[in-house]
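Listed here are the chains, written in short residue letters.
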Amino acid sequence: MNKRITLDEIRESYDDFIDSCQKFNYLTRSESIQREKIKECEEYIRVVKSYKSQAITDKNEDASGFLFHMQCMLNAMRSSLIVWVNVKGEKYNEAWNSLIDAQEYVEVALKIEEYDGVINMRFHLDSMENAIFPGWKLYNSPGHTETIGKCSICGKIFSKCDHIEDHIYMGRLCRRVDRKIIDVYHSALVENPKDRRCIITKHSGDGGRMIDYFTWEETGEVKDHENGKIVEGIILSLNGLDLD
Amino acid sequence: MSVKVAEVEILDIENGKSGLIILPENYLEKVNHRYHSSSLSFYKYAKEQLDIDFFDEPEALLEQRSGEWFGPVILITSMAYSSNPEIIAITCGVIANYVTDFFRGKKPTEIKVKVICKETSSTKYTEIEYNGNVEGLGEIKEVLTEVAKKDRNE
């Protein structure tokens, strides 16, 4: 007969695994080991989600919540390791998006539990951001009308159920999904955007020559800049975070 | 932090309703109403504690992608205030609790909320717009209470 694993045993194994990954969460560590750790994270996430499915079947809200916390922290670790791989491959935009993914996973994890390990992870990610990237004073922030969409928890039209956005139900984060944009009003430049993936990626320099914001290298494109400086950026990003 | 107070000339929008009403963001317009995207979740949260309803059935939501929390536009009907003078304090408490829950795990940011109340002896409505942190929500409570007191003393 199979012995049923306890939540304490899962947590102990998870703590050891996170520690083993964190040792490689630095620029100088081997890229090939970082890639291995990313795969190990993916496998571990699969295992934790299977435990969570069991907890959901058992209608165990506390266990499913804590397993969701682990899922988010493992995803944060995976995303932060991907940052290094992308930086080494000079894929800076992808690296930035992975860093924001990691930070957002930690935010969700903190809704469930707050302890030194999570706070340290948040600090580590903030340090990565400050050390690697130039910093953006302004981000894009569009304003639009959209349809109500459906509830990610029950699938009903979001106005027809009682689930609340950003609350956690049985190990899943409630979001409005299947939303459709009806009308776009504007895009403003703001210091504090909802989505920090919406960055300026290029701007025009002398003679309208476009410059990559990450590298400050000329891209080879030349734009008509008679009416002012040209900037290119990301207006809307559809992140695919694993929050179910 | 800022609190702006303005009188708004609008036709009676209480529509015979009591309690609190969540108004569309463009409530001065007669058609094509759109609600702040926070409105639905706030309504679900608040309806457990307050007598609250929408002005009309939400069909379109306004999504603003800056980091501030854009709260719904809330109308405190004259009937709601006359039947429970504590409604202002209770409403501010519900908003504060909702926002605190919403931002759990996130870095602190500003909130923007509009609350509208009617001076019962006139057709005037007073709109109070608050921009600031959660802790400062007490300011909006004080301004609303002053508006309500002024009306009672007139």
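These numbers come from a predicted model, not from an experiment.

Cut-offs applied
Residues numbered from 1 in each chain as written. Chains lettered and ligands numbered in written order. Predicted model: local features only at pLDDT ≥ 70, side-chain atom pairs only at ≥ 80, totals over all residues. Helix = DSSP H or I, 4+ residues; strand = E, 2+ residues; numbered from the N terminus. Buried ≥ 20, exposed ≤ 12 C-beta atoms within 10 Å, placed from the backbone. Contact = placed C-beta atoms within 7 Å. Domains from an automatic or database assignment. Nonpolar A, V, L, I, M, F, W, Y, C, P; charged D, E, K, R; others polar. Core = buried A, V, L, I, M, F, W, Y, C linked by C-beta atoms within 7 Å. Pairing = 2+ DSSP bridges. Axes fitted to C-alpha atoms, helices over the stretch in contact; angles between N-to-C directions. Parallel < 35°, antiparallel > 145°, perpendicular 65-115°, else oblique. Expected span 1.5 Å × (residues − 1).

1. Focus: the overall build of chain A
1) Next: If you tally the helices and strands in chain A, you get five helices and ten strands.
2) Next: Among the 244 residues that make up chain A, the fraction classed as buried is 30%.
3) Next: Within chain A, counting contacts between residues at least 6 apart in sequence, those at least 24 apart form 64% of the total.

2. Structural notes on the overall build of chain B
1) Next: Looking only at helices and strands, chain B has four helices and eight strands in total.
2) Next: Starting at the N terminus and ending at the C terminus, chain B contains elements arranged as β-β-β-α-β-β-β-α-α-β-β-α.
3) Next: A total of 154 residues make up chain B; the buried ones form 40% of that total.
4) Next: Considering only residue pairs separated by 6 or more positions, chain B has 73% of its internal contacts joining residues 24 or more positions apart.

3. Here we look at the domain arrangement of chain A
All names here are of chain A.
1) Next: As far as domains go, chain A holds domain 1 (7-132) and domain 2 (139-233).
2) Next: With centres defined by C-alpha atoms, the gap from domain 1 to domain 2 works out at 24 Å.
3) Next: Listed per partner, the contact involves 16 residues of domain 1 and ten residues of domain 2.
4) Next: Secondary structure elements with two or more residues in the side of domain 1 that touches domain 2: helix H2 (31-57), helix H3 (61-88) and helix H4 (92-112).
5) Next: Take the side of domain 1 that touches domain 2: its biggest share by element is eight residues, from H4.
6) Next: Its residues assigned to classes, the side of domain 1 that touches domain 2 shows nine nonpolar, four polar and three charged.

4. A short note on the nonpolar core
A general trend in soluble globular proteins is that nonpolar side chains are found buried together.
1) Next: Membership of the largest hydrophobic core comes to 85 residues, with the highest contact counts inside it found for Met73, Ala76, Val106 and Ala109 of chain A together with Ile76 and Val115 of chain B.
2) Next: If you tally residues by element for this core, the top one is H3 of chain A, at 15 residues.
3) Next: Taken together, domain 1 (7-132) and domain 2 (139-233) of chain A each give at least three residues to this core, which thus spans both.
4) Next: Not counting residues up to four positions away in its chain, the partners in contact with Ala109 of chain A are His69, Cys72, Met73, Ala76 and Val118 of chain A.

5. Things to note about the sheet that holds strand E5 (residues 60-64) of chain B
Working definition: the strands of a sheet are paired by backbone hydrogen bonds and lie parallel or antiparallel to each other.
1) Next: Strand order in the open sheet formed by four strands is E6(A)-E1(A)-E5(B)-E3(B), and the pairing between neighbours is mixed. Because the sheet does not close on itself, it has two edges, and the strands there are strand E6 (181-190) of chain A together with strand E3 (35-36) of chain B.

6. Remarks on the interface of chain A and chain B
1) Next: At the junction of the two partners, chain A supplies 26 residues and chain B supplies 20 residues.
2) Next: Residue assignment for the side of chain A that touches chain B shows that the elements contributing at least two residues are H4, strand E1 (139-147) and E6 of chain A.
3) Next: Looking at the side of chain A that touches chain B, the element that brings in the most residues is E1 of chain A, giving seven residues.
4) Next: The residue makeup of the side of chain A that touches chain B, split by class, is eleven nonpolar, seven polar and eight charged.
5) Next: Here E1 of chain A pairs with E5 of chain B via five bridges, running antiparallel.

7. Concerning unusual backbone geometry
Residue and element names in this part refer to chain A.
1) Next: Notably, Asp166 is not glycine yet its phi reads approximately 70°, a positive angle.
2) Next: Overall, Asp166 belongs to the partly exposed group, with 17 C-beta atoms counted inside 10 Å.
3) Next: Even without being a glycine, Asp178 presents a positive backbone phi close to 55°.

8. Quick word on the environment of Gly67 of chain B
1) Next: Topologically, Gly67 of chain B is positioned in the loop between E5 and strand E6 (69-76).
2) Next: Judged by the 18 C-beta atoms lying within 10 Å of it, Gly67 of chain B falls in the partly exposed class.
3) Next: Measuring from C-alpha to C-alpha, the distance between Gly67 of chain B and Pro108 of chain B comes to 9.7 Å, with 41 residues separating the pair along the chain.
4) Next: For Gly67 of chain B, the residues in contact, after removing those within four places along its chain, are Asn192, Pro193 and Lys194 of chain A together with Thr109 of chain B.

9. As for the packing of helix H1 (residues 7-22) of chain A against H3 of chain A
Two quantities define a packed helix pair, namely the angle between the helix axes and the distance between the axes.
All names here are of chain A.
1) Next: Following both chains from N to C, one finds H1 and H3 inclined at 10°, their axes separated by 11 Å at the closest point. Looking at the two axes, H1 sits roughly parallel to H3. Contact residues: Leu7, Tyr14, Ile18 and Cys21 in H1; Ala63, Phe66, Met70, Met73, Met77 and Leu81 in H3.

10. Concerning the environment of Ser80 of chain A
All names here are of chain A.
1) Next: Tracing the chain through its elements places Ser80 in helix H3.
2) Next: Taking the C-alpha atoms as reference, Ser80 lies 9.5 Å from Gln22; in sequence the two are 58 residues apart.
3) Next: Among all residues touching Ser80, those that are not within four sequence positions of it are Asn25, Ala102, Leu125 and Met128.

11. As for H4 of chain A
1) Next: Its 21 residues place the ends of H4 of chain A 31 Å apart at the C-alpha level, agreeing with the 30 Å of an ideal helix rising 1.5 Å per residue.
2) Next: Counted residue by residue, H4 of chain A has 17 buried out of 21 residues, so it is predominantly covered.

12. Quick look at the sheet that holds strand E8 (residues 209-212) of chain A
All names here are of chain A.
1) Next: Taken together, the four strands give an open sheet; going across it, the order is E9-E8-E7-E10, and neighbouring strands pair in antiparallel fashion. Where the open sheet ends on each side, the last strands, each with one partner, are strand E9 (218-222) and strand E10 (231-233). Between one strand and the next, the sheet's axes are offset by a mean angle of 25°, whatever the strand orientation.
2) Next: Across two bridges, the pairing between E8 and E9 is antiparallel. Considered in E9, the bridge of Ile211 is made with Glu218.

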